[in-house]
Amino acid sequence: MHSKKKLVVGITGASGAIYAQRFLKFAAPQCERIYLTMSEQAFQVARTELKIPISREQFDLAGWLGEPIDNTELLSERDFFTPPASGSFRHDGMVIVPCSMGTVGRIANGISNDLVTRAADVCLKERRPLVVVPREMPWNVIMLRNLTTLAEAGTTVLPACPAWYHNPNSLEELADTVVARILQVLGFEQNLMKQWMVEN
Ligand SMILES: Cc1cc2nc3c(=O)[nH]c(=O)nc-3n(C[C@H](O)[C@H](O)[C@H](O)COP(=O)(O)O)c2cc1C
C-alpha cells in the first residue's frame, strides 16, 4: 500500500534543528531516496543547538542521526544541476524543516535563489506536496502575509508548535509531536503519536 517515496528535504536556519534530525531519522527508512539540501545558516544553527560538529565538508549523517542511513544524499544549496531543481524530476513531495521566515519570504515572492527555494518553487508549479515548518515568534504582518501566500499556493503550513497533551518525557518526545504531523501529512506511517481517542 505504501510504496517507498522519493523525498526532497530542505533544512534552513530557523531554530529547531532537532525537528530535522528527528524527521530524517523516521522518514529515511520509509524512503527510497532523500534529496537533502541545507542552507549555510542551517549548519550553523544545527551546530549551536545540537552541539554536533556538522558541516558541509564533514557531513556525517549517521553520526548526526545516531544510526546508519545510506539513502540520503546531501546536495549543495548552490547547485542547480541537481534533480530537485527541475520539474522533470518526479518525486513525492518536499518538506522544509525548520523553515526560516527568510526562506518563507523568498518562496512566497518567487525568489528561488538557492536549491531550497528553487525546489520549493518547483513543487508549487508542479502541484506536488510542499510542507513548510516555520518557527518564529512573534510573527509580523509581513511574515503572516507570506505564510498566507504559501497556503494559498497549496503549501501545507505546519508550524513548529509542539503539543503537550501527550505528556512528553524528553525534548525528543516533545519534538516528535511536530515530526509525527509532518510524517502524516506526507503520507508516511508513524507511531510517534497515537490518533486521538483511537485505541492502538
Ligand atoms: C541561533 C539562531 C536561531 C535562529 N532562529 C530563527 C528562527 O527561529 N526563525 C527564523 O526565521 N530565523 C531564525 N534565525 C535567523 C536565520 O538564521 C536567518 O534569517 C538566516 O538568514 C536564514 O537563512 P536561510 O533561510 O537561508 O537558512 C536564527 C539565527 C540564529 C543564529
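No experiment lies behind these values; they were computed from the predicted model shown.

Draft legend 1. Region of interest: the environment of Ile11. Mapped onto the fold, Ile11 is located in strand β1 (residues 5–11). For the pair Ile11 and Pro98, spaced 87 residues apart in sequence, the C-alpha separation works out to 5.9 Å.

Draft legend 2. Representation of the packing of helix α4 (residues 101–108) against helix α5 (residues 115–125) in the model. Close contact between α4 and α5 brings their axes to 9 Å; oriented N to C, the two are set at 45°. By the criterion of interaxial angle, the relationship of α4 to α5 is oblique. Where α4 crosses over α5, the handedness of that crossing is right-handed. Of the residues in α5, those in contact with Thr103, Arg106 and Ile107 of α4 are Val116, Thr117, Ala120 and Leu124. Among the residues forming the contact of α4 with α5, the class breakdown is four nonpolar, two polar and one charged.

Draft legend 3. View of the packing of helix α1 (residues 17–27) against helix α7 (residues 171–185). Packing of α1 against α7 brings their axes to within 9 Å, and their N-to-C directions diverge by 60°. What the angle tells us is that α1 and α7 run oblique. Where α1 crosses over α7, the two elements pack in a sense that is right-handed. Contacts between α1 and α7 involve Ile18, Tyr19, Arg22, Phe23, Phe26 and Ala27 from the first element and Leu171, Glu172, Ala175, Asp176, Val178, Val179, Ile182 and Leu183 from the second. For the contact of α1 with α7, the per-class residue count stands at eleven nonpolar, no polar and three charged.

Draft legend 4. Summary view of the site of the ligand. The ligand sits among 13 residues. The nearest are Gly13, Ser39, Ser100, Thr103 and Arg135. Between an oxygen atom of the ligand and a main-chain N or O atom of Ser15, the distance comes to 3.0 Å. Burial of the ligand by the surrounding chains reaches 66%, relative to a free accessible area of 640 Å². Elements represented by at least two residues in the shell around the ligand include exactly α2 (40–50) and α4. Looking at the shell around the ligand, the element that brings in the most residues is α4, giving three residues. When grouped by side-chain class, the residues that make up the shell around the ligand number three nonpolar, seven polar and three charged.

Draft legend 5. Representation of the state of the cysteines in the model. Summed over all chains, the structure comprises zero disulfides. The cysteine Cys31 is free of any disulfide, with Cys123 supplying the nearest cysteine sulfur at 14 Å. For Cys31, a relative accessible area of 3% corresponds to the buried category.

Here is what the cut-offs are and how they apply
Residues numbered from 1 in each chain as written. Predicted model: local features only at pLDDT ≥ 70, side-chain atom pairs only at ≥ 80, totals over all residues. Heavy atoms only, no water. Helix = DSSP H or I, 4+ residues; strand = E, 2+ residues; numbered from the N terminus. Axes fitted to C-alpha atoms, helices over the stretch in contact; angles between N-to-C directions. Parallel < 35°, antiparallel > 145°, perpendicular 65-115°, else oblique. Left-handed = near helix turned anticlockwise from the far one by under 90°. Contact = heavy atoms within 4.5 Å. Nonpolar A, V, L, I, M, F, W, Y, C, P; charged D, E, K, R; others polar. Near = heavy atom within 4 Å. Polar contact = N/O pair within 3.5 Å; in protein donor to acceptor, adjacent residues only side chain to side chain. Areas by Shrake-Rupley, 256 points an atom, 1.4 Å probe, with all protein chains shown as cover. Disulfide = S-S within 2.5 Å. Buried < 20%, exposed > 50% of the residue type's maximum accessible area, 1.4 Å probe, protein only.

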